Amino acid sequence: MIKEIKVKTALSPSQLPGLDHALNPYRGCAHACVYCYAPSVIHWDKGKWGELVEVKINLPRILSKELRTKKKGVVGLGTVTDPYQPAEKKYELTRRCLELLLMHDLPVCIQTKSSLVLRDVDLLKEFSDIEVGITLITLDDRVRGKMEPGASSVDERLRALAVLRENGIKTWVFLGPMMPHITDVNALLDAVARVMPDYVLVDRLRLKEGVWENVRGFIHEFRPELVNESEKIFQGGGEYYGDFFESIIKKCRSVGLRCEINRLGD
Ligand code: SF4
């Protein structure tokens, strides 16, 4: 369900490394990822995550005003919810915000799980400083379909990365959450290396409120024999994650990918 809302502010200060401002055209996200922790970040109390998306219809107008006075800085587009989720096809809020940011030529960092980003290549190419990150958690589209049911397929995302790169746009891949026994690390990194992003950022499962219950439900349905071990890993497996990440770093080196581990919150 879509609900149009009006907002009073557009840009907010960002706590994420490398970003100064956060800009989120949508509240709620129809990608409905099993591991999503955005509901706890925005204190979502409007029912099941993924079923309602609030569309900030006056956002471009507010952003346009703010850009006249705000201090310049890097804008993170889609820091909480996906800026290219299905509603964007109709509302084009992300595109209109990009047009405004381009007028001021602000540095922009986008993160998405949708190949709809390709619609805006014409604009993205014009920025002097922009990067687009695409999330991948597996190469197996059956797993993707269960974990990120509303998002683009794995192939669509890999193709999007290739096309962005062909157009000279800086790209990165967010490998998160990487999940032991579920993420097919070697195959995934081989596929990512073929589209050669500028770098990859690796993250673990973030167990904010409600996340484990959802992920547990997924594992129970997908590979029930992994539930107990997964619980041990995710609920306190710092050591396991150390080894797991080490194997990812080694694999990245062997395929020529520049790799960073997300230490935020460690
Ligand atoms: S795309 Fe991001 S915000 Fe949307 S459901 Fe998935 S994890 Fe949450």
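Everything below is about the structure shown above.
Heads up: these notes are all about the structure in this document. What you are looking at is a predicted structure, and each value in this text was computed from that prediction instead of being measured.

**Quick word on the nonpolar core**
Across soluble globular proteins, you tend to see nonpolar side chains buried next to one another. Ranked by size, the top nonpolar core spans 61 residues in total, and within it C97, V108 and L136 carry the most contacts. With 5 residues, helix α7 (residues 154–166) is the single largest residue contributor to this core. Not counting residues within four places of it along the chain, the set of residues in contact with L136 comprises V154, R157, V173, L175, L188 and V192.

**A few points about helix α8 (residues 185–195)**
When we look at burial in α8, the residues that qualify are V185, L188, L189 and V192. The buried residues of α8 occupy an angular sector of 90° when projected down its axis, which confines them to one face. With respect to the buried face of α8, the exposed residues turned more than 90 degrees away are A187 and R194. Backbone geometry just downstream of α8 places M196 in the positive-phi region, at approximately 35°.

**Section: the environment of K71**
Along the chain, K71 turns up in the loop between α2 (59–69) and β6 (75–77). Each C-alpha atom, one on K71 and one on V215, is 40 Å from the other, the two residues being 144 residues apart in sequence.

**With respect to the packing of α2 against helix α4 (residues 93–103)**
At their nearest, the axes of α2 and α4 sit 9 Å apart, and the two run at 15° to each other. On the basis of their axis angle, the class for α2 and α4 is roughly parallel. As for the relative orientation of α2 and α4, their crossing is right-handed in sense. Contacts between α2 and α4 involve L59, P60, L63, S64 and L67 from the former and L93, R96, C97 and L100 from the latter. Within the contact of α2 with α4, the residues separate by chemical class into 7 nonpolar, 1 polar and 1 charged.

Definitions and cut-offs
Residues numbered from 1 in each chain as written. Predicted model: local features only at pLDDT ≥ 70, side-chain atom pairs only at ≥ 80, totals over all residues. Core = buried A, V, L, I, M, F, W, Y, C linked by C-beta atoms within 7 Å. Buried ≥ 20, exposed ≤ 12 C-beta atoms within 10 Å, placed from the backbone. Helix = DSSP H or I, 4+ residues; strand = E, 2+ residues; numbered from the N terminus. Contact = placed C-beta atoms within 7 Å. Arc of directions from axis to C-beta. Axes fitted to C-alpha atoms, helices over the stretch in contact; angles between N-to-C directions. Parallel < 35°, antiparallel > 145°, perpendicular 65-115°, else oblique. Left-handed = near helix turned anticlockwise from the far one by under 90°. Nonpolar A, V, L, I, M, F, W, Y, C, P; charged D, E, K, R; others polar.

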